[in-house]
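# Commentary on secondary and tertiary structure
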Amino acid sequence: MKSSILRLLIIILISLILGIIVNQWHPRGIGIKNLLGTFILGSKKTETMVYIIPVDSVFTVLNKPGVTILDIRSLDDYQLDHIPGAIHVSRSDLLKGSGNAFSLPKDKKLIIYDQEGDMTQVKLIAQAFGREGFQHIFWLFGGYVSWLEKGMDTESR
Amino acid sequence: MNKIFHHLLLIIRLILGIIFIISAIYKFSSPIDFAQSILNYQVFGFFISHLGAIIIPTLEAVVGILLLTGFWLKEAIILTVCLYVVFDVMVIQAYVRGLDVACGCFNPTNQHPIDIQKLMENFFLTALAFGAFILDRKINRQQ
C-alpha cells in the first residue's frame, strides 16, 4: 500500500517535471512565467476584474461600438500589423498611469493584447486601469500570436 | 480462467494505452489551447487550468507507456481510473449546466460539442478503465 502511494507520487512528479520542461520550449507552451502569472491573477484581488477572453470572442466584437482594442506591443510591431481597429498604447505609459488610453470613456470595454498573452502583465494592467476608474477590462488569451495562428485578419498602418 | 483474465486485461491495456498516447500527442501540440479548453468548463480558475494543461498531457503519456509496458501496472490503472472519472465529472457538469463548449477531451482543437455521443464515449472508456482495475485485482488475488 505504502509503496503504491509512493509510486503514484513518483509518476505524478515525473509527469509534472516533464510537463514543465516540454512547455518551457514549446512555441505554444505555458512557460513558468505565464503559470506564475495565472497564480498571481487567481490568488490576489485586483482593483478591476480582468476577463480573459479567447481569439474567437474578440473577433465577434470587432468594430462594435463601446469596444476599444488596445495594442500594447512595441510601436514597430504595431505598425507592421495589428488587429483591425486596434489603437497603439505604450506599455510603459500605461503602467505609469499616463497616455492616450486613459482619455477613453470609462464605460468602454477595453480589450488589451500583447505579443504572446503574457499573463504576468495582467495584474499590473488591471491595477493601472482600476486606478483610473475603468470597469471592463479584457485580456486576449494567447496574445497576438494566437490571433495570427487562428488566421484572423490583420491591418497595417 | 486466469488466462482469460490475462488476455482481457492485455487487450484493455493496449486500447487505453494507445488512446492515452495519441491523446497526449494532440494535447502537446498546443498546451495553450488545452488550457483554454479546461477554462471553458468553468470549474477551475486560471492557475489550476494552466497547471492541468501542463501536467495532464505528460501524465497521459506516462500512464499510456506504463499500460503498454506493464511496468507499475497497478498504479497505472489507478491513475487511468482517476483521470477518466475526472474527465467524466467535467463533461457531465458541462452537459447538465448546458455549457456550449467543445469537449476538448481527446484533441483540444477539436470543436466537437458535448452531446450524448461524447458522454457515451467517455463512459465506455471509464468502464474499460474500471474493468482493467477489477481484472488486475482478480489476477493478483489468484496469484
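In the block above lies the structure referred to throughout.
Anyway, here's the lowdown on the structure attached to this text. (Residues numbered from 1 in each chain as written. Chains lettered and ligands numbered in written order. Predicted model: local features only at pLDDT ≥ 70, side-chain atom pairs only at ≥ 80, totals over all residues. Heavy atoms only, no water.)

### As for the environment of phenylalanine 133 of chain B
Within the secondary structure, phenylalanine 133 of chain B sits in helix α5 (residues 116-142). Taking the C-alpha atoms as reference points, phenylalanine 133 of chain B and alanine 76 of chain B, 57 residues apart in sequence, are found 9.6 Å from one another. (Helix = DSSP H or I, 4+ residues; strand = E, 2+ residues; numbered from the N terminus.)

### Quick notes on the environment of valine 55 of chain A
Residue and element names in this part refer to chain A. The residue valine 55 is located in helix α3 (residues 55-60) in this model. The exposure class of valine 55 is buried, given its relative accessible area of 3%. On a C-alpha basis, the gap between valine 55 and lysine 150 in space is 7.6 Å, while along the polypeptide they are 95 residues apart. (Buried < 20%, exposed > 50% of the residue type's maximum accessible area, 1.4 Å probe, protein only.)

### Looking at the packing of aromatic side chains
Enumeration over the complete set of coordinates arrives at seven aromatic pairs over all chains. Taking the centre distance of 6.0 Å and the plane angle of 85° together, the rings of tyrosine 84 of chain B and phenylalanine 87 of chain B count as edge-to-face. With tyrosine 84 of chain B and phenylalanine 87 of chain B both in helix α4 (residues 73-97), this residue pair falls three residues apart, about one helical turn. By relative accessible area, phenylalanine 87 of chain B is classed as buried at 16%. What links up through ring pairs into an aromatic cluster is the set Phe102, Phe129 and Phe134 of chain A. (Phe/Tyr/Trp six-rings, centres within 6.5 Å; stacked < 30°, edge-to-face > 60°.)

### Points about the nonpolar core
Within the largest apolar cluster, 67 residues are counted, with the highest numbers of intra-cluster contacts made by Phe129 and Trp139 of chain A. No other element matches the eleven residues that α4 of chain B contributes to this core. No fewer than three residues from each of domain 1 (1-30) and domain 2 (31-149) of chain A sit in this core. Core analysis: the next-biggest nonpolar cluster, separate from the first, contains 16 residues, Val58, Tyr78, Ile83 and Ile111 of chain A among them. (Core = buried A, V, L, I, M, F, W, Y, C linked by side-chain atoms within 4.5 Å. Domains from an automatic or database assignment.)

### Regarding the sheet that holds strand β2 (residues 67-71) of chain A
The parallel open sheet is built from five strands, whose spatial order is β1-β5-β4-β2-β3 (chain A). Both outer strands of the open sheet, β1 (50-53) and β3 (87-88) of chain A, are each paired with one neighbouring strand and no more. (Pairing = 2+ DSSP bridges.)

### Things to note about the pairing of strand β4 (residues 109-113) of chain A
Residues and elements named next belong to chain A. For β4, a buried count of four out of five residues is recorded, marking the element as mostly surrounded by other parts of the structure. The pairing of β2 with β4 spans five bridges and is parallel. Considered in β4, the bridge of leucine 70 is made with isoleucine 112. Both β4 and strand β5 (residues 136-140) contribute to a ladder of four bridges, which runs parallel. Bridge assignment links isoleucine 111 to a residue of β5, and that residue is phenylalanine 138.

Purely spatial values, then, with no claim about function.
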